[in-house]
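Structure at a glance
The primary structure of each chain is shown beneath.
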Amino acid sequence: MASVGDFNVLSSSIPATKVELSVSCRNLLDRDTFSKSDPICVLYTQAIGNKEWREFGRTEVIDNTLNPDFVRKFIMDYFFEERENLRFDFYDVDSKSPNLSKHDSVLMQFCANKLDKKDFFGKSDPFLVFYRSNEDGSFTICHKTEVVKNTLNPVWQAFKISVRALCNGDYDRTIKVEVYDWDRDGSHDFIGEFTTSYRELSRGQSQFNVYEVINPKKKGKKKKYVNSGTVTLLSFLIETEVSFLDYIKGGTQINFTVAIDFTASNGNPSQPTSLHYMNPYQLNAYGMALRAVGEIIQDYDSDKMFPALGFGARLPPDGRVSHEFALNGNPQNPYCHGIDGVMEAYYRSLKSVQLYGPTNFAPVINHVARYAASVKDGSPYFVLLIITDGVISDMAQTKESIVNASKLPMSIIIVGVGPAEFDAMEELDGDVVRISSRGRFAERDIVQFVPFRDYIDRSGNHVLSMARLAKDVLAEIPEQFLSYMRVRGIKPSPAPPPYTPPIHVLQTQI
């Protein structure tokens, strides 16, 4: 094969979204003696921190042309939380490849009745685990529901799963569902199981979709054993997959706000031991976390103007303590231009304020929530990044603020920096147990917490550390965004037509 040419593309990526890439070329080099080239395009990808390029796929060959418009498209998983290098190489060779298609998904909701009691001082904290059967008789996990606390009659939130993940296109393939009682130490107690299929589930709510939960060990030991409760399908809705990218293409913007911890526990910024130390040769932990997240998320905000807040400091001239102050010193207009502007305002604040305390999150959460509450259609969607070094002081108020914000088009990312123990922070991250305040549960999970130390590269590669951090903390944003849109029934706006230059511009370029 003779190489016709190659080029590199750096792309921001989107999680859980299939992105279709079309390739066209003009004026390729002619590698054939008696005719024009028969070009093919080969796409290569390069993982974060890896110098090796791997082949992702190939287009079809188009005979005898230097200006191919390839029909086959590359369908890739784009990840919102990371960047990926793509390389397109062009060769003069023959090959044929088929196209790909999209998959639908289903939205399901289940409840249970009279499950076995597993907790000594309470009832049970049940959740469901779904498995798809494989050709060899094994099972592959395809979904876990949330945990519903202290009840034998839970109602789980509706969840979405692709048809492919559930049954791999075989509507009669066995689907096994196991019921567990959640335990904090991870040793979850098995309550029982049942089997079904996509075809049975597609009947929707009916007498056919009430399942007896059976515990085989109990059934084998007890003659009078009937079941360990029942699980009922409440709803089953087939819908065409709508992705995060569909909303972005339709004009949705991501409004990004950063809030930085200025409490005294960070240490004196003039000392190298401080987490706020302004090292002239490298970013401190706050700077790395801010750049890691901000440089990706800024591409989803067209004006690149970001509010930047601080909390836990004494402000000049009177030394009053504030948990919601503008880093640029302008409370009426706390916006900074781009991530560089945020970094500049952060460094300027370190020179003008006195680190103090305590560590209160509720004021900055409520600050963003006030803006999010004025938006009903989810465009824009608000993301708050909180970077902190210590254990939260206003846990009760923060939980209430999060429960209130869970009804708004808003997500919260919390990055812990430094050596402190952040165990209490896990309570705010509702991946396992939904956060609650005064008897009210969050409508959806909107918080992602991570300690930065878990992502620091041992070799000292800060670029890799930042990429790992961004990948993890941003991974949940698209699904949190989609959960808001689904609950509100908001569909993406149509994408605008592709830009076509005016005729006189085309003539000028020829």
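Model, not experiment: these values are computed from the prediction. (Residues numbered from 1 in each chain as written. Predicted model: local features only at pLDDT ≥ 70, side-chain atom pairs only at ≥ 80, totals over all residues. Heavy atoms only, no water.)

Quick look at empty space enclosed by the protein
One pass over the structure, following the stated rule, counts one cavity of 30 Å³ or more. Around the largest cavity, the lining residues are Ile402, Leu428, Gly430, Arg434, Ile435, Ala442, Arg444, Asp445, Ile446 and Val447. (1 Å grid on protein atoms, 1.4 Å probe; cavity = no way out; pocket = protein on both sides within 12 Å on 5 of 7 lines; lining within 4 Å. Points joined across faces, edges and corners; volume = space filled by probe spheres on them.)

Some thoughts on the pairing of strand S16 (residues 305-311)
Of all seven residues in S16, six are buried; the element is thus mostly enclosed. Once the chain exits strand S15 (residues 254-261) it traverses helix H5 (residues 285-297) before rejoining the sheet at S16, and the crossover so formed is right-handed. Where S16 and strand S20 (residues 335-337) come together, three bridges link them in antiparallel fashion. Among the inter-strand pairings, Pro307 is bridged to a residue of S20, identified as Tyr335. (Buried < 20%, exposed > 50% of the residue type's maximum accessible area, 1.4 Å probe, protein only. Helix = DSSP H or I, 4+ residues; strand = E, 2+ residues; numbered from the N terminus. Right-handed = clockwise from strand over helix to strand, strands pointing away. Pairing = 2+ DSSP bridges.)

Points about the sheet that holds strand S9 (residues 139-144)
Across the sheet, four strands lie side by side as S9-S8-S11-S12; this open sheet has antiparallel pairing. Taken across any chain shown, the strands that pair with only one partner, and hence form the sheet edges, are S9 and strand S12 (189-197). Averaged over all pairs of adjacent strands, the angle between their axes in this sheet comes to 25 degrees, without regard to strand direction. Where strand S11 (residues 174-181) and S12 come together, eight bridges link them in antiparallel fashion. Looking across to S12, one finds that Val177 is bridged to Phe194. (Axes fitted to C-alpha atoms, helices over the stretch in contact; angles between N-to-C directions.)

A look at the sheet that holds strand S18 (residues 320-322)
Reading across from one edge, S18-S17-S21 is the order of the three strands in this open sheet, with antiparallel pairing throughout. Across the chains shown, the open sheet's two edge strands, defined by having one partner strand only, are S18 and strand S21 (354-355). Looking at chain direction, strand S17 (residues 313-315) and S18 are connected through three bridges and run antiparallel. Across the sheet, the residue bridging to Ala313 is Ser322, located in S18.

A few points about the packing of aromatic side chains
Any two aromatic rings considered together are summarised by their centre-to-centre distance and by the angle between their planes. A complete count under the given rule lists 20 aromatic pairs for this structure. Between Tyr180 and Phe190, the aromatic rings sit 5.6 Å apart at their centres with planes inclined by 65 degrees, giving edge-to-face as the arrangement. Pair noted here: Tyr180 is in strand S11 and Phe190 is in strand S12, with a separation of ten residues, a long-range link. Each ring, one from Tyr247 and one from Phe481, has its centre 5.1 Å from the other, and the planes form 80 degrees; the classification is edge-to-face. (Phe/Tyr/Trp six-rings, centres within 6.5 Å; stacked < 30°, edge-to-face > 60°.)

Things to note about the packing of helix H7 (residues 362-372) against helix H8 (residues 395-405)
Between H7 and H8, the shortest axis-to-axis distance is 9 Å and the interhelical angle comes to 15 degrees. In terms of orientation, H7 lies roughly parallel with respect to H8. As H7 runs across H8, the sense of the crossing is left-handed. In this structure, H7 contributes Ala362, Ile365 and Asn366 to the contact, and H8 contributes Gln397, Thr398, Ser401 and Ile402. Taken together, the residues of the contact of H7 with H8 break down into three nonpolar, four polar and no charged. (Parallel < 35°, antiparallel > 145°, perpendicular 65-115°, else oblique. Left-handed = near helix turned anticlockwise from the far one by under 90°. Contact = heavy atoms within 4.5 Å. Nonpolar A, V, L, I, M, F, W, Y, C, P; charged D, E, K, R; others polar.)

Some thoughts on the side chain of Asp183
Take Asp183: it is sitting in the loop between S11 and S12. Of the buried charged residues, Asp183 lacks a salt bridge, with Lys149 as the closest side chain of opposite charge at 8.0 Å. Not counting residues within four places of it along the chain, the set of residues in contact with Asp183 comprises Asp119, His188 and Asp189. (Lys, Arg positive; Asp, Glu negative; His and termini not counted. Salt bridge = Lys/Arg side-chain N within 4 Å of Asp/Glu carboxyl O.)

A few points about the environment of Leu233
On the secondary structure map, Leu233 appears in strand S14 (residues 230-240). Look at Leu233 and you get buried, because its relative accessible area is 0%. Along the backbone, Leu233 and Met108 are 125 residues apart, and their C-alpha atoms lie at a distance of 7.5 Å. When residues no more than four places from it in sequence are discounted, the contact partners of Leu233 are Met108, Gln109, Phe110, Leu201, Gly204, Gln205 and Asn209.

Describing helix H9 (residues 462-474)
An ideal rise of 1.5 Å per residue puts 18 Å on 13 residues; H9 measures up with 18 Å between its terminal C-alpha atoms. Taken together, the buried positions of H9 are occupied by Leu464, Ser465, Met466, Ala467, Leu469, Ala470, Val473 and Leu474. Its buried side turned inward, H9 meets H5, strand S23 (410-416), strand S26 (447-451) and helix H10 (477-488). Near the N-terminus of H9, the side chain that reaches the backbone nitrogen of Val463, with its oxygen 3.1 Å away, is that of Asn461. (Expected span 1.5 Å × (residues − 1). Polar contact = N/O pair within 3.5 Å; in protein donor to acceptor, adjacent residues only side chain to side chain.)

Thoughts on the packing of H5 against helix H6 (residues 338-352)
The contact between H5 and H6 brings their axes to 10 Å, and the two run at 160 degrees. Accordingly, the angle class assigned to the pair H5 and H6 is roughly antiparallel. Seen from above, H5 lies across H6 with right-handed handedness. Packed against H5, whose contacting residues are Tyr286, Gly287, Leu290, Arg291, Gly294 and Glu295, the element H6 presents Ile339, Asp340, Val342, Met343 and Tyr346 at the interface. For the contact of H5 with H6, a count of residues per class yields six nonpolar, two polar and three charged.

Just geometry here; none of it tells us what the structure is for.
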